[in-house]
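Here are the chains, one letter per residue:
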Amino acid sequence: MRLPLLPPMIALALFATTMVPAMIPAVTPAAAAAARTTIVVAADGSGHHTTVQDAVDAVPAGNTRPVTILVRKGTYRQQVVIPADKPHITLAGDTRDPRQVVLTFDAAASQQKPDGSGPYGTSGSASYVISAPDFTARNLTFENSYDEAAHGNSQAVAVRTTGDRQVYDNVRFLGNQDTLYANTASATTTARQYFHNCYVEGDVDFIFGRATAVFDRCVIKSLNRGSTDDNGYVTAASTELANPYGFLIHRSHLISDAPARTVHLGRPWPAGGSATARGQVVVRESWLGQQVKDAPWTDMSGLNWREARLSEYRNHGPGAAVGDDRPQLTAAQARAFTPERYLAGADGWNPVRRPAHAPAPGHEPGREVLPRGDGWAAATTGTTGGSAARREDVHTVSTRAELLAALGGTADNRPRIIYVKGAIDADTDAAGNPLTCDDYAVDGYSLPAYLAAYDPAVWGRDSVPSGPLEEARKASYAKMAAHVTVTIGSNVTLMGLGRDAALKSFGLRISNADNVIVRNLTITDTADCFPQWDPTDGAEGNWNASFDNVEVSGSTHVWLDHNTLNDGDNPDSGQPLYFGRPYQVHDGLLDVVRGANYVTLSWNHLSGHDKVTLIGNTDNPARYAEADKLKVTLHHNHFESLGQRTPRVRFGQVHVYNNYYKGGAGDGYSIGVGFGSKVYANANAFDGIAAEKVLTVFNGTAITAMDNLVDGVPVDVVAAYNTANGTALGTDAGWTPALVTRVHPARALRHLVPAGAGAGRLR
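A brief report on the enclosed structure follows. (Residues numbered from 1 in each chain as written. Predicted model: local features only at pLDDT ≥ 70, side-chain atom pairs only at ≥ 80, totals over all residues. Heavy atoms only, no water.)

## Here's the deal with the overall build of the protein
Stage number 1. On a plain count of helices and strands, the protein comes out with 15 helices and 55 strands.
Stage number 2. Its C-alpha atoms give the protein principal-axis dimensions of about 115 × 85 × 55 Å.
Stage number 3. The burial tally for the protein puts 55% of its 763 residues in the buried class.
Stage number 4. By sequence separation, contacts in the protein at least 24 residues apart represent 73% of the contacts at least 6 residues apart.
Stage number 5. For the protein, the distance from the average site of its 66 positive side-chain charges to the average site of its 76 negative ones is 8 Å. (Helix = DSSP H or I, 4+ residues; strand = E, 2+ residues; numbered from the N terminus. Buried < 20%, exposed > 50% of the residue type's maximum accessible area, 1.4 Å probe, protein only. Contact = heavy atoms within 4.5 Å. Lys, Arg positive; Asp, Glu negative; His and termini not counted. Charge placed at Lys NZ, Arg CZ, Asp CG, Glu CD.)

Quick look at the structure:
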């Protein structure tokens with residue numbers, strides 16, 4: 001039988017499917033693996049390989065193409081070598097959170113190898129040895145998990161690098177001694193390595209070696225070894241004299257929970273006894289925590305640190321200082337020690353990432369920083385809060401427990417962003433159940449018993465209360481304070497999300513911290529259940545509460561912006577009278593005290609309160625050395641229906657401008673000119689407040705006041721005060737503010753400020 005003819009295209013297709021396979025050699029698995037540009041590692045077997053070393057081995061020697069080894073979530077325990085003949089590899093976690101991909105091993109230099117050939121040694125202890133040039137790692141963690149507590153101190157390297165043109169982006173390096181060995185293949189070669197947005201932790205010499213390594217916008221944590229005077233060394237550079245560039249720590253945060261003045265920035269390491277090793281380290285424009293020693297460099301193995309090349313430039317934070325033991329670059333010298341200059345080499349390599357100058361659409365609001373020139377908090381280094389927080393240090397909280405966990409301890413000075421979602425009430429227990437004053441009372445305290453014991457008819461009016469019930473009141477107050485007070489540490493941005501974020505009944509303390517931002521929060525009703533009766537306070541006695549809504553104490557570079565502070569639904573005006581005096585359960589709304597400095601308070605709404613803002617809390621200049629501190633700017637705040645202290649100032653150069661004051665029934669005065677104060681008040685508007693009550697004097701001598709309006713009319717408020725009181729308050733505070741943003745005409749404030757100030761109005 002004759003077969004029918006097929007159309008030409010069908011015949012060609014049939015030929016291709018039946019004949020071509022016999023003519024084309026089969027692709028071997030090895031060849032297919034070599035051709036891959038992405039190799040997946042998954043511990044559960046769902047990828048191409050289950051270990052990182054197998055994936056590295058699958059990359060051909062002499063590789064010329066970019067190859068990505070993508071590691072899925074999990075912990076991978078093995079020693080891995082990425083050799084010099086396998087360039088162009090990217091080792092990446094498949095998540096942006098580096099905590100979810102952990103590459104670890106636990107060898108230590110002092111430990112014996114399993115094969116009996118001797119101890120690992122420092123180099124051999126490395127969990128990862130990365131010798132390949134043009135290598136990139138991102139979004140993962142390298143760790144040496146050797147347990148020092150169980151087995152004793154020993155060098156234990158997480159990563160040893162020897163390759164040139166290596167980039168580490170959003171990578172964590174975890175260990176104790178000798179965590180990151182940034183090295184070269186030999187003493188006569190160089191290797192450039194760029195660490196961007198990384199986290200490195202350890203204790204002794206935990207960044208060491210002779211590589212040219214730049215740490216750009218990293219977090220570098222010195223672990224607390226439990227010593228009161230020596231908690232280790234950050235760097236141990238062994239840079240050869242022929243190499244002008246060793247380690248550069250640039251715009252980074254050096255943090256620790258170790259005690260103050262117990263950590264060295266580094267010491268020069270003469271590696272292998274090299275006579276030509278003279279470590280080179282520059283730490284510049286970085287935040288240094290309290291742990292840094294006053295003399296931060298020291299000798300090593302007989303090499304005097306002054307013979308090495310160790311210096312700083314424009315660092316800030318509590319650990320920063322300038323002195324004979326802290327060599328500083330000049331501005332001209334600093335131009336030669338930038339990330340680009342370190343890494344350029346002969347080939348002009350430039351992997352440096354630069355942050356955008358303006359926030360991109362959809363940016364995180366918690367990464368906004370204080371604008372340049374925006375008041376005293378912009379002085380010196382400015383205020384950036386937690387803007388440098390790593391992704392794992394960005395938290396959203398909606399309960400008291402979550403808030404406390406996110407804030408951590410006061411010694412935890414990692415950059416952090418904490419977003420508050422919804423309203424959080426401090427008067428709740430761990431399960432979220434409400435607490436009342438009775439829940440805080442201890443040792444038999446009750447208000448009726450206290451009133452009975454210290455009624456002036458019984459106790460008299462010549463001495464403050466004492467005895468068992470007063471001690472019970474103090475103990476009850478202490479219990480309450482421990483529960484409702486939260487302390488904000490350094491490098492934190494605390495920010496409300498949306499229009500309804502609130503902290504109720506909390507006392508926020510920014511105490512002995514540096515670089516803090518609080519924005520877009522309603523902070524309300526910080527009420528004291530246990531105010532003290534003091535019959536000697538004034539002619540008739542007074543009840544005194546002890547909680548402020550916010551207290552900035554001994555801190556520097558603090559920005560409070562677009563917050564709402566009030567007494568909520570529990571105003572002091574609604575409290576009863578006891579012993580003929582108001583039972584006052586609130587203290588200050590927002591105080592700046594105990595030598596705090598460089599503070600900007602902007603676009604806040606403060607209302608319905610008596611004692612508002614105290615700047616400086618003693619006339620004694622020696623107590624907190626405040627004579628050259630308490631530099632505070634208040635601008636575009638809405639002060640509404642307040643009693644006094646808006647603000648009351650001691651000592652500080654305080655700039656008060658573009659604030660809108662709306663009077664109320666309890667007006668006492670607005671601006672208090674206290675002892676040693678240097679207040680410069682201009683372009684403010686006061687409505688419903690008598691001109692002679694805008695100012696009052698507490699041992700102050702002068703204030704600069706100009707371009708202010710009272711009920712829409714230009715008024716010389718100093719002259720009004722002097723005329724009403726028969727005084728001669730001076731009109732020159734002795735300085736002129738330089739850190740000022742746009743100054744609006746005072747006539748615009750009546751509408752501008754109420755429309756823009758307070759929580760929920762952040763644009």
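## Some points on the pairing of strand S5 (residues 89-93)
Stage number 1. When you tally the buried positions in S5, you get five out of five residues, the bulk of the element.
Stage number 2. Here S5 runs beside strand S8 (residues 136-144); their pairing, made up of three bridges, is parallel. Within the sheet, the bridge partner assigned to Thr90 lies in S8 and is Thr136. (Pairing = 2+ DSSP bridges.)

## Some words on empty space enclosed by the protein
Rolled over the atoms, a probe sized like a water molecule indicates the empty space that remains.
Stage number 1. Inspection of every chain in the model, using the stated rule, returns one cavity of 30 Å³ or more.
Stage number 2. In this structure, the largest cavity encloses a volume near 90 Å³.
Stage number 3. For the largest cavity, the lining is made up of 16 residues, of which Leu642, Asp667, Tyr669, Ser670 and Ile689 are closest to its centre.
Stage number 4. Among the secondary structure elements, those contributing two or more residues to the lining of the largest cavity are strand S45 (638-644) and strand S48 (660-662).
Stage number 5. In terms of residues, the lining of the largest cavity owes the most to one element, S45, which gives six residues.
Stage number 6. Considered class by class, the residues forming the lining of the largest cavity number five nonpolar, seven polar and four charged. (1 Å grid on protein atoms, 1.4 Å probe; cavity = no way out; pocket = protein on both sides within 12 Å on 5 of 7 lines; lining within 4 Å. Points joined across faces, edges and corners; volume = space filled by probe spheres on them. Nonpolar A, V, L, I, M, F, W, Y, C, P; charged D, E, K, R; others polar.)

## Examining the environment of Gly366
Stage number 1. Looking at the secondary structure, you find Gly366 in the loop between helix H8 (339-344) and strand S24 (394-397).
Stage number 2. Leave out the neighbours within four places in its chain, and Gly366 touches Ser387, Ile417, Tyr419, Thr493 and Met495.

## Things to note about the state of the cysteines
In a disulfide, the sulfur atoms of two cysteines are held together by a covalent bond.
Stage number 1. Throughout the structure, instances matching the rule amount to one disulfide.
Stage number 2. The residue that forms a disulfide with Cys437 is Cys529, at a sulfur-sulfur distance of 2.0 Å. An S-S torsion of about -75° defines the bridge between Cys437 and Cys529 as left-handed. Here Cys437 is found in helix H10 (residues 437-440), whereas its partner Cys529 is found in the loop between strand S32 (522-524) and strand S33 (532-534), with 92 residues between them in sequence. (Disulfide = S-S within 2.5 Å.)

## Concerning the pattern of salt bridges
Stage number 1. Taken as a whole and judged by the stated rule, the model has 29 salt bridges.
Stage number 2. Here Asp325 ties to Arg306 by a salt bridge, and the two come within 2.6 Å at their closest N and O atoms. Of this pair, Asp325 sits in the loop between strand S23 (309-313) and helix H7 (331-334) while Arg306 is found in the loop between strand S22 (287-288) and S23, placing the two residues 19 residues apart along the sequence.
Stage number 3. Owing to a relative accessible area of 32%, Asp325 belongs among the partly exposed residues under this scheme.
Stage number 4. Arg306 sits in the partly exposed class, given a relative accessible area of 49%.
Stage number 5. Linked through salt bridges whose partners overlap, the residues forming this network are Asp134, Asp164, Arg165, Arg192 and Asp347. (Salt bridge = Lys/Arg side-chain N within 4 Å of Asp/Glu carboxyl O.)

## Let's talk about the pairing of strand S10 (residues 166-174)
Stage number 1. Of all nine residues that make up S10, nine are buried, and the element is covered over most of its length.
Stage number 2. Where S8 lies against S10, seven bridges are found, and the strand directions are parallel. Looking at the pairing, Arg138 lines up with Asp169 of S10.
Stage number 3. Relative to strand S12 (residues 192-196), S10 runs parallel, the two being bridged by four bridges. Its bridge partner lying in S12, Val167 is registered against Tyr194.
Stage number 4. Relative to strand S13 (residues 199-202), S10 runs parallel, the two being bridged by two bridges. By the bridge assignment for S13, Arg172 is matched with Tyr199.

## Some words on the environment of Ala685
Stage number 1. Counting through the fold element by element, Ala685 comes out in strand S51 (residues 685-687).
Stage number 2. We classify Ala685 as buried; its relative accessible area is 5%.
Stage number 3. Other than its neighbours up to four places away in sequence, Ala685 contacts Asn659, Tyr660, Tyr661, Leu709, Ala746 and Leu749.

## Points about the side chain of Glu285
Stage number 1. With respect to the helices and strands, the residue Glu285 is situated in the loop between strand S21 (280-284) and S22.
Stage number 2. The exposure class assigned to Glu285 is buried, which follows from its relative accessible area of 15%.
Stage number 3. Among the polar contacts made by the side chain of Glu285, one reaches the side chain of Arg251 at a distance of 3.0 Å.
Stage number 4. Not counting residues within four places of it along the chain, the set of residues in contact with Glu285 comprises His250, Arg251, Ser252, Tyr313, Arg314, Asn315 and His316. (Polar contact = N/O pair within 3.5 Å; in protein donor to acceptor, adjacent residues only side chain to side chain.)

## Examining the sheet that holds strand S7 (residues 128-130)
Stage number 1. As summarised here, the arrangement of the seven strands in space is S4-S7-S9-S11-S14-S17-S20, forming an open sheet in which the pairing is parallel. The strands lining the two open edges of the sheet, one partner per strand, are strand S4 (80-82) and strand S20 (264-266). The average angle at which neighbouring strand axes cross in this sheet is 15°, direction not considered.
Stage number 2. Two strands pair when backbone bridges link them, and strand S9 (residues 159-161) and strand S11 (residues 180-182) are joined in this way by three bridges, in the parallel orientation. Its bridge partner lying in S11, Arg160 is registered against Tyr181. (Axes fitted to C-alpha atoms, helices over the stretch in contact; angles between N-to-C directions.)

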